[in-house]
Amino acid sequence: GENVEQHPSTLSVQEGDSAVIKCTYSDSASNYFPWYKQELGKGPQLIIDIRSNVGEKKDQRIAVTLNKTAKHFSLHITETQPEDSAVYFCAASIDGNNRLAFGKGNQVVVIP
Amino acid sequence: DAGITQSPRHKVTETGTPVTLRCHQTENHRYMYWYRQDPGHGLRLIHYSYGVKDTDKGEVSDGYSVSRSKTEDFLLTLESATSSQTSVYFCATHDSPRTEAFFGQGTRLTVV
């Protein structure tokens, strides 16, 4: 089955700097890769996603890049702000219905 | 927010008792999922449903059962709760194979 791994597990950045979280996956058939943000006491919320026919996608300060050959994808957050502090989960689809396998999550701390 | 309501939001129960968690959605989404979230493990899929009376096991289904008799409700039952089932449980739904999944606010279950 699909195995999704995230690195690093915790990331501290100074406000205004960039943060990058990398995920690797094992199943070359995966074709959908979302990123979720989870704030304390809340459910995960989708922030950006990418499909395997695209190499990069941007939405304001957030971008995701996908390398299908290497089977990894990364979340890039630029100009980090305190409200970016949260746990971020990557995921990869494991069937054609977008059933997902999740990574273990990254705690991002933005230091004011 | 896809109009997902999880109930109860918090529950403390004793070992050996049955427990049912409810996920109710108002968006007529076909696909529904139950995950558990534990420190160091991220989100792990317990059971999922691709339609009324169409359910299947996820990666950590032992000790859990589900039912989906109506589109809007997906019930997760712990037949005989154990301390290892102390966790935060999340329900997620989406409309079609190519749409994003929305999560509920979670249910914190403690088994003592």
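For the structure itself, consult the block above.
As a starting point, this report considers the structure included with it.

On to the pairing of strand 9 (residues 87-94) of chain B, then. Looking down a regular strand, the side chains alternate between one sheet face and the other. Residue and element names in this part refer to chain B. For strand 9, a buried count of 8 out of 8 residues is recorded, marking the element as mostly surrounded by other parts of the structure. Burial of the side chains of strand 9 extends over both faces: S87, Y89, C91 and T93 are buried on one face and V88, F90, A92 and H94 on the other. In the sheet, strand 4 (residues 31-38) pairs with strand 9 via 7 bridges, with the strands oriented antiparallel. Each bridged residue has a counterpart across the sheet, and for M32 the counterpart in strand 9 is T93. Two strands pair when backbone bridges link them, and strand 9 and strand 11 (residues 107-111) are joined in this way by 3 bridges, in the antiparallel orientation. In the sheet register, V88 faces strand 11, and the bridge partner there is R108. In this structure, strand 9 lies alongside strand 10 (residues 102-103), joined through 2 bridges in antiparallel fashion. Pairing of T93 across the sheet is with F102, part of strand 10.

It is worth spelling out the sheet that holds strand 7 (residues 64-70) of chain B at this point. All names here are of chain B. Spatial ordering of the open sheet is given by 1-3-8-7, a layout of 4 strands whose pairing is antiparallel. Taken across any chain shown, the strands that pair with only one partner, and hence form the sheet edges, are strand 1 (4-7) and strand 7. With strand direction ignored, the average angle separating the axes of adjacent strands in the sheet is 15 degrees. With 4 bridges joining them, strand 1 and strand 3 (residues 19-25) adopt antiparallel strand pairing. Bridge pairing in strand 3 links Q6 to C23.

Moving on: the state of the cysteines. All names here are of chain B. Summed over the entire model, instances satisfying the criterion amount to 2 disulfides over all chains. Put simply, C23 and C91 are joined by a disulfide, and their sulfur atoms are 1.9 Å apart. Sign of the S-S torsion, about -70 degrees for the bond between C23 and C91, identifies this disulfide as left-handed. Of this pair, C23 sits in strand 3 while C91 sits in strand 9, and the two are 68 residues apart along the sequence. In this structure C23 comes out as buried when scored by relative accessible area, which is 0%.

That bond from S7 of chain B to P8 of chain B is cis: its omega, -10 degrees, falls within 30 degrees of zero. You can see P8 of chain B is positioned in the loop between strand 1 and strand 2 (10-13). For K71 of chain A, which is not a glycine, the phi torsion comes out positive at approximately 60 degrees. Its place among the elements puts K71 of chain A in the loop between strand 7 (62-67) and strand 8 (72-77). For K71 of chain A, a relative accessible area of 25% corresponds to the partly exposed category.

Here the focus is the sheet that holds strand 1 (residues 4-7) of chain A. Residues and elements named next belong to chain A. An order of 1-3-8-7-6 is seen for the 5 strands of this open sheet, with the pairing classed as antiparallel. Two strands bound the open sheet, and with one partner strand each, they are strand 1 and strand 6 (56-59). Averaged over neighbouring strand pairs, the angle between their axes works out to 15 degrees when direction is ignored. Inspection of the sheet shows strand 6 paired to strand 7 by 4 bridges, in the antiparallel sense.

Calculation rules
Residues numbered from 1 in each chain as written. Chains lettered and ligands numbered in written order. Predicted model: local features only at pLDDT ≥ 70, side-chain atom pairs only at ≥ 80, totals over all residues. Heavy atoms only, no water. Buried < 20%, exposed > 50% of the residue type's maximum accessible area, 1.4 Å probe, protein only. Helix = DSSP H or I, 4+ residues; strand = E, 2+ residues; numbered from the N terminus. Pairing = 2+ DSSP bridges. Axes fitted to C-alpha atoms, helices over the stretch in contact; angles between N-to-C directions. Disulfide = S-S within 2.5 Å.

Interpretation note: all reported values are geometric properties and have no functional meaning in isolation.
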